[in-house]
Amino acid sequence: MTDKFHLQHLMLLLKYTGIAFISGAVNHGFFSGQRSLLTALAGIVLFVAGALVEHRQTLRSGGRDGFAATLLWGTVLSIGLGFFTGGLQHFQDSPTRSAWVVPVGFLISAVGLLGQSRGGRSGVPYVAGATLLVTALSVGAWQWLLQHPEWSATPGGHGHSHGHSHGDSHGHSHGASGVASPDASHGASASPSHGHSHGHSHGPGQAADHKH
């Protein structure tokens, strides 16, 4: 019982960590950079490793799934789930991209699970109907965000403008009080006193000369 529990826990850790890695790659680069590509590949490897652990448990309990099939459908399922969850997480950040990433990820994950479970044609109506529903919802959310940009977390929104206004206010306050004021006060206090003392120090001498 203990061995079975720790294998189940290991299987879940590998699978969900793999999905998280693929989701992160979709969110931060969408396989456009080397780091995102490596993260996605690591996620696929982790998920497939978890699927293989599950496969071994299935064989011990009398299952007949082949190793190649587990590897293939595990890879497909991991990519689909990573796309689906990654698109959902950053729908507000990239609504145009997520509008098609989410339904594509849903379809890939459903096909992967369908092949893994050998559901046959019985699951096809569900996959087709649910994919159409997810597509309609994704496109509807995309159009709604386009019409209500205040709900879209795009660059130049509240957070970005807040940072600039904060920086500008600090810059102006330092320029007005921290730099200009000491110079102005120094100019206002030192220059007149210098001129005044200079005038008085020479004034008596000039008056004495006139007397002589």
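This text gives an overview of the structure that appears in the document. Since the model is a prediction, treat every value here as computed from it, not as a measurement.

### What about the environment of Ala-128?
Looking at the secondary structure, you find Ala-128 in helix α5 (residues 124–147). With relative accessibility at 39%, the residue Ala-128 sits in the partly exposed group. Each C-alpha atom, one on Ala-128 and one on Leu-107, is 8.3 Å from the other, the two residues being 21 residues apart in sequence.

### Remarks on the environment of Thr-70
With respect to the helices, strands and loops of the structure, Thr-70 is situated in helix α3 (residues 67–89). Thr-70 sits in the buried class, given a relative accessible area of 9%. Along the primary structure Thr-70 and Glu-54 are separated by 16 residues, whereas in three dimensions their C-alpha atoms are 9.3 Å apart. Within the structure, Thr-70 has its side chain in polar contact with the side chain of His-55 (distance 3.1 Å).

### Structural notes on the side chain of Ser-98
Checked against the element boundaries, Ser-98 lands in helix α4 (residues 95–117). Of the polar contacts made by the side chain of Ser-98, one reaches the backbone oxygen of Gly-87; its length is 3.1 Å. Once residues within four sequence positions are removed from consideration, Ser-98 is found in contact with Gly-87, His-90, Phe-91 and Pro-103.

### Details of the packing of helix α2 (residues 34–60) against α3
Following both chains from N to C, one finds α2 and α3 inclined at 135°, their axes separated by 9 Å at the closest point. Comparing the axis directions of α2 and α3 gives the class oblique. For the crossing formed where α2 meets α3, the hand is right-handed. On the side of α2, the interface is formed by Ile-44, Phe-47, Val-48, Ala-51, Leu-52 and His-55, while α3 contributes Phe-67, Thr-70, Leu-71, Gly-74, Thr-75, Leu-77, Ser-78, Ile-79 and Leu-81.

### Topic: the nonpolar core
Grouped together as the largest cluster of nonpolar side chains are six residues: Phe-91, Val-102, Phe-106, Ala-130, Val-134 and Leu-145. Among the elements of the structure, α4 and α5 are those that each provide at least two residues to this core. For this core, the element with the most residues is α5, which contributes three residues. When residues no more than four places from it in sequence are discounted, the contact partners of Val-134 are Phe-84, Val-102, Pro-103 and Phe-106.

### Thoughts on the pattern of salt bridges
On inspection of all chains with the given rule, the structure shows one salt bridge. Two residues, Lys-15 and Glu-54, come together in a salt bridge whose shortest N-O distance is 2.4 Å. With Lys-15 in helix α1 (residues 2–27) and Glu-54 in helix α2, this pair connects stretches of sequence that are 39 residues apart.

### Looking at a nonpolar patch on the surface
Among the surface-exposed residues, Leu-37, Leu-38 and Leu-41 lie close enough to one another that they form a single nonpolar patch of about 270 Å² accessible area. Topologically, Leu-41 is positioned in helix α2.

### A few points about the packing of aromatic side chains
Evaluation of the coordinates by the stated rule reveals two aromatic pairs. Taking 5.9 Å as the distance between ring centres and 55° as the angle between the ring planes, the aromatic pair formed by Phe-84 and Phe-106 counts as tilted. Remark: Phe-106 occurs in helix α4 and Phe-84 occurs in helix α3; sequence separation between them is 22 residues. Looking at Phe-84, the relative accessible area reads 22%, which means it is partly exposed. Residue Phe-106 is classed as buried on the basis of its relative accessible area, which comes to 13%. Judged by centre distance (6.1 Å) and plane angle (50°), the rings of Trp-144 and Trp-151 are tilted.

So, how was this worked out
- Residues numbered from 1 in each chain as written.
- Predicted model: local features only at pLDDT ≥ 70, side-chain atom pairs only at ≥ 80, totals over all residues.
- Heavy atoms only, no water.
- Helix = DSSP H or I, 4+ residues; strand = E, 2+ residues; numbered from the N terminus.
- Buried < 20%, exposed > 50% of the residue type's maximum accessible area, 1.4 Å probe, protein only.
- Polar contact = N/O pair within 3.5 Å; in protein donor to acceptor, adjacent residues only side chain to side chain.
- Contact = heavy atoms within 4.5 Å.
- Axes fitted to C-alpha atoms, helices over the stretch in contact; angles between N-to-C directions.
- Parallel < 35°, antiparallel > 145°, perpendicular 65-115°, else oblique.
- Left-handed = near helix turned anticlockwise from the far one by under 90°.
- Core = buried A, V, L, I, M, F, W, Y, C linked by side-chain atoms within 4.5 Å.
- Salt bridge = Lys/Arg side-chain N within 4 Å of Asp/Glu carboxyl O.
- Patch = residues over 30% accessible without salt bridge, like charges linked within 9 Å, V, L, I, M, F, W, Y side chains within 5 Å.
- Areas by Shrake-Rupley, 256 points an atom, 1.4 Å probe, with all protein chains shown as cover.
- Phe/Tyr/Trp six-rings, centres within 6.5 Å; stacked < 30°, edge-to-face > 60°.

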